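# Chains, contacts and geometry: an overview
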Amino acid sequence: MVRTLGFAVVGFGWMGRVHTQAYARVLHHFPDLPLRPEPIAVADEVPGRAEAAAARYGFASALRDWRDIAADPRVEAVSVTAPNFLHREIGVAMAAAGKHLWIEKPVGLTADDARAVSDAVAAARVRGTVGFNYRGAPAVVAARELIASGDIGDVTHARIRLFSDYAAHPEGALTWRFERKRGGSGVLGDLASHGVDLARFLLGEIETLVADTAVFVPLRARPAGATAGHTRAAGGEPAPVENEDYVNCLLRFTSGARGVLEACRVSVGEQNSYGFEIHGTEGAVSWDFRRMGELGVSRGSTYQDQPVSTVYVGPGAGDFGAFQPGAANAMGYDDLKVVEAHTFLRSIADGRPYGATLTDAVRSAAALDAMVRSAASGTWVTPTP
């Protein structure tokens, strides 16, 4: 029997829209889910934004103050897609109000913020899911199973990259993303957080790391008004960028494997170039988000001159079968958020965690904090969970 579950969205920029559309689609792809999401409330402080979202997606209430959602008994689950600096306050308040929480990464500005939200979710005995969407790609799930099965032998070393050009233009506005107080650690929280989660999902815990960071576009213009996405602000008052455009990090895993994680938001010529190459004693596996349904796989017993095959994942990989009937049919980014919506709602229905949890958010944030400390000190640092 399917029951209705009222949900709300806090912060309605691009990611708020993606979450809302994922709720709308989830039963199309996962018809056995015993919950039917119903849009109850949307909150955004920008005048007119919540009203526009309500008119388009059918929310019963359009609000300026997210606190009204915490007090609304019709709302059982909340998506937090507001800027990073609001994650802790909103997440803790929603959990304390008994709301299940689907919150975007990096869950605050620091590991302490992520821990506070995680502790609040645990204390309230509600369910929490975090927006580490790339681990839900069917090919990534298949890669994890291939590694765990020993098909490439013991993992020796890996490279994880997250390159994008969304901040490469020098006229990009100085939004909250570029301020330490509101955005936190720049490309670390925005992209490297995904890299850490992929590293942990595929290879296990990180024992220690050393990192280097840089700012390549040091000045940006302040925007004249409210912004969404990556807005231009030519002619505005210039001010310094306070957090990192780039990070390069060496990783040592508890398994003994070594890794390189590199992320940049100002990589001219790169658009969402996210992926990994993982090498083992008997083979290798690689993945590129831009070819989401493919894996590069090398396995066998020849070692030298061993060929690499392109494998198109199909319905047996992760949740692929919920979207496409056969291998080489494409999935997209929004589909990964539908996968997240499913794991979130399934965790509520079953009373047990699925997908990325607040514990994963804490582990990722601890590694990011360690990168910041390492870049400042020039030394190896052990992440503190």
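Residues numbered from 1 in each chain as written. Predicted model: local features only at pLDDT ≥ 70, side-chain atom pairs only at ≥ 80, totals over all residues. Heavy atoms only, no water.

### Notes on empty space enclosed by the protein
The condition that has to hold: A pocket, in this scheme, is an open set of points on a 1 Å grid over the protein atoms alone with protein on both sides within 12 Å along at least 5 of 7 lines, while a cavity is a set where a 1.4 Å probe fits but cannot get out; residues line either one if an atom lies within 4 Å of a point. Grid points are joined across faces, edges and corners, and a volume is the space filled by probe spheres set on the points. Basically, the charged four are Asp, Glu, Lys and Arg, the nonpolar ten are Ala, Val, Leu, Ile, Met, Phe, Trp, Tyr, Cys and Pro, and anything else, Gly included, counts as polar.
For the coordinates displayed, the defined rule picks out two cavities of 30 Å³ or more. What lines the largest cavity is simply Asn84, Pro106, Gly108, Leu109, Thr110, Gly183, Gly184, Ser185, Gly189, Ala365, Leu368 and Asp369. Here the residues of the lining of the largest cavity are counted per class, giving four nonpolar, seven polar and one charged.

### Focus on the nonpolar core
Note the following rule: Buried Ala, Val, Leu, Ile, Met, Phe, Trp, Tyr and Cys residues that are joined via side-chain atoms within 4.5 Å together make up what is termed a nonpolar core. Note on classification: 1.4 Å probe, protein chains only; a residue is buried when its accessible area is under 20% of the maximum for its type, exposed when over 50%, partly exposed between these limits.
Counting residues in each nonpolar core, the largest one holds 80 residues, and the members touching the most others are Leu202, Ile278, Val285, Trp287, Leu295, Leu345 and Met371. In terms of nonpolar packing, the next biggest core, distinct from the first, is built from 33 residues, Ala41, Val80, Ala114 and Val130 among them.

### Re the packing of helix α5 (residues 111-124) against helix α10 (residues 358-377)
Packed helices, taken two at a time, are described by the angle their axes make and the gap between the axes. Here is the rule we go by: In this description, a line fitted to the C-alpha atoms serves as the axis of each element, helices being fitted only across the stretch in contact, and the angle between N-to-C directions of two axes falls anywhere from 0 to 180 degrees. Helix and strand labels come from DSSP, where a helix needs a run of H or I of at least four residues and a strand needs a run of E of at least two; each type is numbered from the N terminus. By definition in this entry, angles of less than 35 degrees are roughly parallel, angles greater than 145 are roughly antiparallel, angles of 65 to 115 are roughly perpendicular, and the rest are oblique. In this scheme the handedness of a crossing depends on how the near helix is turned from the far one: anticlockwise by less than a right angle means left-handed, clockwise means right-handed. Any two residues whose heavy atoms approach within 4.5 Å are treated as being in contact.
Where α5 contacts α10, the two axes come as close as 8 Å, and the packing angle between them is 165°. For the element pair α5 / α10, the angle class is roughly antiparallel. Seen from above, α5 lies across α10 with left-handed handedness. Contacts between α5 and α10 involve Ala111, Ala114, Arg115, Val117, Ser118 and Val121 from the former and Leu358, Thr359, Ala361, Val362, Ala365, Ala366 and Asp369 from the latter. Split by residue class, the contact of α5 with α10 holds nine nonpolar, two polar and two charged.

### As for the sheet that holds strand β8 (residues 206-214)
Two modes of strand pairing occur in sheets, parallel and antiparallel, and in both the strands are linked by backbone hydrogen bonds. This is how it is decided: Strands pair, by our definition, only if DSSP identifies at least two bridges between them.
Strands sit in the order β8-β11-β12-β7-β13-β14-β15-β16 across an open sheet of eight strands; the sheet is mixed. Each edge of the open sheet is held by one strand with a lone partner, namely β8 and β16 (309-312). Here the average twist between neighbouring strands, direction ignored, is 15°. Note: strand β15 (residues 294-299) against β16, four bridges, orientation antiparallel. Residue pairing across strands places Gly296 opposite Thr310, the latter belonging to β16. Against the sheet, helix α6 (residues 138-148) touches β7 (155-163), β13 (273-280), β14 (283-288) and β15, its axis set at about 15° to β15. The strands touched by helix α8 (residues 187-203) within the sheet are β7, β8, β11 (246-253), β12 (258-264) and β13, with β12 carrying the most contacts at an inclination of about 155°.

Everything listed here is a matter of coordinates, which is why it stays silent on function.
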